[in-house]
Amino acid sequence: MTPGTWFIPGTQSLLSHQEVLARAARQQAVLLGESHDRAENHRWQMHVCAGLLAHRPDLVLGFEMFPARLNPVLADWVGGTLSEAEFLERAEWSTVWGFDAELYMPIFRFARDFGIGMIGLNCRRALVTEVGRDGWETIPEDAREGLSPAVPATAAYRQYLFDITGGRREGRAAQSADDPAFDRFVRAQQTWDRAFACRIAERAAAPDAPLVVGLIGRGHLEFRGGTPFQLDHLGVAQTMVLLPHAQGDSHHAGQADAMCVMPDSPDQHAAAG
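Quick caveat, the model's predicted, so the values are computed rather than measured.

### Regarding the overall build of the protein chain
Phase 1 of the analysis: For the protein chain, the count of helices and strands is eleven helices and eight strands.
Phase 2 of the analysis: The globule rule puts the C-alpha radius of gyration for 273 residues at 19 Å, and the 19 Å found for the protein chain is close to it.
Phase 3 of the analysis: Principal-axis analysis of the C-alpha atoms gives the protein chain an extent of 45 × 45 × 40 Å.
Phase 4 of the analysis: A buried classification covers 51% of the 273 residues belonging to the protein chain.
Phase 5 of the analysis: Long-range contacts, defined here as pairs at least 24 residues apart, represent 70% of the contacts in the protein chain between residues at least 6 apart.
Phase 6 of the analysis: Charge separation in the protein chain, taken as the distance between the mean sites of 24 positive and 34 negative side-chain charges, equals 3 Å.

Take a look at the structure:
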């Protein structure tokens with residue numbers, strides 16, 4: 001399939017760009033997956049956001065990259081009162097995220113240029129660590145950041161997480177997806193899943209709700225086991241998962257509502273030469 005082609009994963013069914021965006025614009029939330037270090041993923045996200053803006057001027061962009069406590073900084077950025085250097089400093093970019101900022105700056109500039117609201121979807125890293133280690137019940141109410149506990153992971157999601165983290169291998173403490181030794185990782189992952197879902201639901205479930213577009217790592221979205229599953233529990237059922245797809249990679253039924261074929265990166269061509 002050529003770059004820019006949309007299709008339903010696990011099938012040969014092709015979709016037009018127009019029909020994907022028109023359907024996405026009718027949702028409560030659209031979740032755009034990414035591999036954090038892939039520039040082409042972020043270009044694709046911006047193109048999709050631009051297309052959605054043509055359908056829905058009431059757009060809000062939610063970012064895994066920022067904890068919700070930084071929302072005032074994001075508002076200042078969109079309001080045009082910060083330089084790029086000031087924005088990255090006040091947003092604690094090197095601490096809270098750390099990937100090359102230039103991968104994301106085109107999307108941030110797009111939001112500022114069109115006055116699109118930006119919100120942080122994340123929580124403090126310490127909360128993820130604490131829940132993973134000790135469980136949600138041990139977290140004091142005033143340390144929960146307004147989040148509710150995650151719905152327990154399905155067996156299918158546990159298996160997915162186990163597989164993408166290397167599966168069964170010599171020296172690994174957990175030797176299966178249902179091994180209690182894997183519980184800590186699952187609890188931590190689900191803390192992120194639930195945090196993203198709670199932040200999205202807070203905006204998407206309001207009476208005058210905008211279309212919330214979440215930019216989130218694909219591991220939280222594939223097969224709807226992570227954030228989409230938590231959103232369903234929170235009453236945000238009209239969601240669509242869209243993912244970029246590298247040519248040559250496998251794809252499977254239910255992996256996303258639609259996937260878009262990415263071009264090879266210049267680095268890949270250089271390596272091949």
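### Here we look at the side chain of R199
Phase 1 of the analysis: Here R199 shows up in helix α9 (residues 183–204).
Phase 2 of the analysis: Among the polar contacts made by the side chain of R199, one reaches the main-chain carbonyl oxygen of N122 at a distance of 3.3 Å.
Phase 3 of the analysis: With residues up to four places along the chain from it excluded, the contact list for R199 reads A68, I119, G120, L121, N122, C123, E145 and L147.

### Here's the deal with the nonpolar core
Phase 1 of the analysis: One finds L52, F66, F87, F108, M118, V213 and L242 to be the most contacted residues of the largest nonpolar core, which totals 46 residues.
Phase 2 of the analysis: Residues contacting V213, with those up to four places away along its chain left out, are V30, L32, C49, L52, L59, V60, L61 and G62.
Phase 3 of the analysis: Within the second largest apolar cluster, 32 residues are counted, among which are F7, I200, L221 and V236.

### Concerning the pairing of strand β8 (residues 258–262)
Phase 1 of the analysis: Here β8 lies mainly inside the structure; five of its five residues are buried.
Phase 2 of the analysis: Judged by which residues are buried, β8 turns out to be covered on both faces: A258, C260 and M262 on one side and M259 and V261 on the other are all buried.
Phase 3 of the analysis: Sheet topology note: the strand β1 (residues 6–7)/β8 ladder contains two bridges and is antiparallel. Looking at β8, one finds that W6 is bridged to C260.
Phase 4 of the analysis: Bridging between strand β7 (residues 239–246) and β8 involves five bridges; their strand directions are parallel. Bridge pairing in β8 places L242 opposite A258.

### Focus: the packing of helix α8 (residues 155–164) against α9
Two numbers describe a pair of packed helices, the interaxial angle and the distance between the axes.
Phase 1 of the analysis: Viewed as axis vectors pointing N to C, α8 and α9 meet at an angle of 105°, and their least axial separation amounts to 11 Å. The orientation of α8 with respect to α9, classified from their angle, is roughly perpendicular. Residues Y157, R158 and L161 of α8 touch α9, and the partners they reach there are D183, F185, V186, Q189, Q190 and D193.
Phase 2 of the analysis: Along the lines of polarity and charge, the residues of the contact of α8 with α9 split into four nonpolar, two polar and three charged.

### Quick word on the packing of helix α2 (residues 39–55) against helix α6 (residues 105–114)
Phase 1 of the analysis: Where α2 contacts α6, the axes come no closer than 9 Å and their chain directions differ by 20°. By the angle class used here, α2 and α6 are roughly parallel. Judged by the sense of rotation from one axis to the other, the crossing of α2 with α6 is right-handed. Contacts from H42, Q45, M46, C49, A50 and L53 in α2 reach P106, I107, F110 and F114 in α6.
Phase 2 of the analysis: A breakdown of the residues in the contact of α2 with α6 according to their chemical character gives eight nonpolar, two polar and no charged.

### Describing the pattern of salt bridges
When charged atoms on two side chains of opposite charge get close, those side chains can pair.
Phase 1 of the analysis: Applying the stated criterion across every chain yields a total of 15 salt bridges.
Phase 2 of the analysis: Two residues, R144 and E141, come together in a salt bridge whose shortest N-O distance is 3.5 Å.
Phase 3 of the analysis: Judged by its relative accessible area of 16%, R144 is buried.
Phase 4 of the analysis: Exposure remark for E141: the relative accessible area of 61% places this residue in the exposed category.
Phase 5 of the analysis: In this structure, R199 and E145 form a salt bridge, with 3.0 Å as the shortest nitrogen-oxygen distance. With R199 in helix α9 and E145 in the loop between α7 (125–134) and α8, this residue pair connects regions lying 54 residues apart in the sequence.
Phase 6 of the analysis: A relative accessible area of 29% means that E145 is categorised as partly exposed.

Conventions adopted
- Residues numbered from 1 in each chain as written.
- Predicted model: local features only at pLDDT ≥ 70, side-chain atom pairs only at ≥ 80, totals over all residues.
- Heavy atoms only, no water.
- Helix = DSSP H or I, 4+ residues; strand = E, 2+ residues; numbered from the N terminus.
- Rg over C-alpha atoms; globule rule 2.2 N^0.38 Å.
- Buried < 20%, exposed > 50% of the residue type's maximum accessible area, 1.4 Å probe, protein only.
- Contact = heavy atoms within 4.5 Å.
- Lys, Arg positive; Asp, Glu negative; His and termini not counted.
- Charge placed at Lys NZ, Arg CZ, Asp CG, Glu CD.
- Polar contact = N/O pair within 3.5 Å; in protein donor to acceptor, adjacent residues only side chain to side chain.
- Core = buried A, V, L, I, M, F, W, Y, C linked by side-chain atoms within 4.5 Å.
- Pairing = 2+ DSSP bridges.
- Axes fitted to C-alpha atoms, helices over the stretch in contact; angles between N-to-C directions.
- Parallel < 35°, antiparallel > 145°, perpendicular 65-115°, else oblique.
- Nonpolar A, V, L, I, M, F, W, Y, C, P; charged D, E, K, R; others polar.
- Left-handed = near helix turned anticlockwise from the far one by under 90°.
- Salt bridge = Lys/Arg side-chain N within 4 Å of Asp/Glu carboxyl O.

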